[in-house]
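Observations on the three-dimensional arrangement
Next come the chains, spelled out residue by residue.
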Amino acid sequence: MATSNTTQAAATTAGTALITGASTGIGATYADRLAKRGYNLVLVARDRQRLDTVAQRLRGQYGVQVDVLQADLTDRAALAQVEQRLATDSAITLLLNNAGNTVEGSFVGSDIDKVEGMITLNVIAPTRLAKAAATRMASEGRGAIINIASVTAMMAETFSGTYSGTKAYMLNLTQAMQVELAPAGVRVQAVLPGATRTEIWERAGIDINALPKEMVMGVDTMVDAALAGFDQGETITLPALPDMADWDAFTAARLALQPNLSRSTAAPRYQVA
Ligand SMILES: NC(=O)c1ccc[n+]([C@@H]2O[C@H](COP(=O)([O-])OP(=O)(O)OC[C@H]3O[C@@H](n4cnc5c(N)ncnc54)[C@H](OP(=O)(O)O)[C@@H]3O)[C@@H](O)[C@H]2O)c1
């Protein structure tokens, strides 16, 4: 089993990158950087006008081909069209599973329908898209999938449990996909941003300026660091974490639990005969 964080080949041949949530924020910034690297693009989001504006700028600036796919990824029929594109278009060598949102407030005080919509967008959609892309890419022996998770995956006690849960899911999925797909020649990376200055906060009714400013990263810096991690062959990229030895220690402690997590007898502290 591959547990090292940098066991993967660093280079991916540029082709076409399909980016979800490409109309603004982290997705639009990736679109800029990937176009600069020579990728053609398929941009996915709901806001057609904003997508067209991004597409037009990138075509003009970098001379790449840019397709726009307007889709609400919480709509099963629209999602199926994106899955179909990923499953059949061999030009697509990179999937960026980025679209996501968050909901504010405590669990008890939350709007459960909004929570369900968030789980659909943050979990169901990227899972189905990753499956469609991974299946084709594995059969072709190449390709890469980047899943945008979050440091909140490790912050259940201090952040919305439902949002952090969706991001822990993406981290978990990425780790399992990496083990399964690396032998087939497919790269998988999870990016775990900390607080990043984008619209996601405002959309959820949270004031990002209430956070200490030393905790908030600019979106350009975040994406540039995440792509540097990709280039370095990382499976897990934490753009803000100064010392990856801290992550490695966390991973080692988690893996050390493994031999004792499933046994035929109950632990002595429960005093079960
Ligand atoms: N910003 C942070 O502090 C931070 C930290 C950690 C992780 N993240 C993660 O980073 C990812 C990108 O977030 P961001 O900060 O860039 O947020 P953002 O600025 O709000 O952008 C979100 C993108 O997702 C799209 N989107 C939203 N709902 C959608 C839907 N139902 N169907 C299709 N597209 C949809 C939006 O476009 P339309 O409105 O046009 O659909 C937009 O392009 C998310 O997964 C988020 O959880 C963000």
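We now turn to the structure provided with this report. (Residues numbered from 1 in each chain as written. Predicted model: local features only at pLDDT ≥ 70, side-chain atom pairs only at ≥ 80, totals over all residues. Heavy atoms only, no water.)

**Thoughts on the overall build of the protein chain**
Within the protein chain, the regular secondary structure consists of eight helices and seven strands. In terms of overall size, the protein chain behaves like a compact globule, its C-alpha atoms giving a radius of gyration of 19 Å where 273 residues would be expected to give roughly 19 Å. Expressed as lengths along the three principal axes of its C-alpha atoms, the size of the protein chain is roughly 70 × 45 × 40 Å. A total of 273 residues make up the protein chain; the buried ones form 45% of that total. Taking all contacts inside the protein chain whose residues are at least 6 apart in sequence as the whole, residues at least 24 apart take part in 70%. (Helix = DSSP H or I, 4+ residues; strand = E, 2+ residues; numbered from the N terminus. Rg over C-alpha atoms; globule rule 2.2 N^0.38 Å. Buried < 20%, exposed > 50% of the residue type's maximum accessible area, 1.4 Å probe, protein only. Contact = heavy atoms within 4.5 Å.)

**With respect to helix α1 (residues 25-36)**
The end-to-end C-alpha distance of α1 is 17 Å, a good match for the 16 Å that 12 residues give at a rise of 1.5 Å each. Counting buried positions over the 12 residues of α1 gives 11, a clear majority of the element. For α1, the set of buried residues is Gly 25, Ile 26, Gly 27, Ala 28, Thr 29, Tyr 30, Ala 31, Asp 32, Arg 33, Leu 34 and Ala 35. Immediately downstream of α1, the backbone of Gly 38 shows phi near 95°, a positive value. (Expected span 1.5 Å × (residues − 1).)

**Thoughts on the site of the ligand**
Lining the immediate environment of the ligand, one finds 31 residues, of which Arg 46, Asn 98, Tyr 163, Thr 196 and Thr 198 sit closest. In this structure, Asp 47 approaches the ligand through a main-chain N or O atom, which is 3.0 Å from an oxygen atom. Protein burial of the ligand: of its 880 Å² of free accessible surface, 96% is covered by the chains. If you list the elements that add at least two residues to the shell around the ligand, you get α1, α5 (161-181) and α6 (200-203). Per-class residue counts for the shell around the ligand are 14 nonpolar, 11 polar and six charged. (Near = heavy atom within 4 Å. Polar contact = N/O pair within 3.5 Å; in protein donor to acceptor, adjacent residues only side chain to side chain. Areas by Shrake-Rupley, 256 points an atom, 1.4 Å probe, with all protein chains shown as cover. Nonpolar A, V, L, I, M, F, W, Y, C, P; charged D, E, K, R; others polar.)

**Structural notes on the pairing of strand β1 (residues 16-20)**
Most of β1 is tucked away, with five of its five residues classed as buried. Burial along β1 is two-sided: the residues Thr 16, Leu 18 and Thr 20 and Ala 17 and Ile 19 are all buried. In the sheet, β1 pairs with strand β2 (residues 40-45) via five bridges, with the strands oriented parallel. Looking across to β2, one finds that Thr 16 is bridged to Asn 40. With four bridges joining them, β1 and strand β4 (residues 92-97) adopt parallel strand pairing. Bridge assignment links Thr 16 to a residue of β4, and that residue is Ile 92. (Pairing = 2+ DSSP bridges.)

**Notes on the pairing of strand β3 (residues 66-70)**
Pairing of β2 with β3 involves five bridges; the strand directions are parallel. Looking at β3, one finds that Val 42 is bridged to Asp 67. Each parallel crossover has a hand, and for β2 linked through helix α2 (residues 48-62) to β3 it is right-handed. (Right-handed = clockwise from strand over helix to strand, strands pointing away.)

**A few points about the side chain of Thr 152**
With respect to the element layout, Thr 152 can be found in the loop between β5 (144-148) and α5. Judged by relative accessible area, Thr 152 falls into the buried class, the value being 5%. In contact with Thr 152, other than residues within four places in its own chain, are Phe 159, Tyr 163, Ser 164 and Lys 167.

**Some words on the environment of Ala 132**
As for its placement among the helices and strands, Ala 132 is situated in helix α4 (residues 112-140). Among the residues examined, Ala 132 registers a relative accessible area of 13% and is labelled buried. C-alpha separation for the pair Ala 132 and Val 188, spaced 56 residues apart in sequence, amounts to 14 Å. Non-local contacts of Ala 132, meaning those with residues more than four positions away in its chain, are made with Glu 83, Leu 86 and Ala 87.

Taken by themselves, the reported measurements are silent on function.
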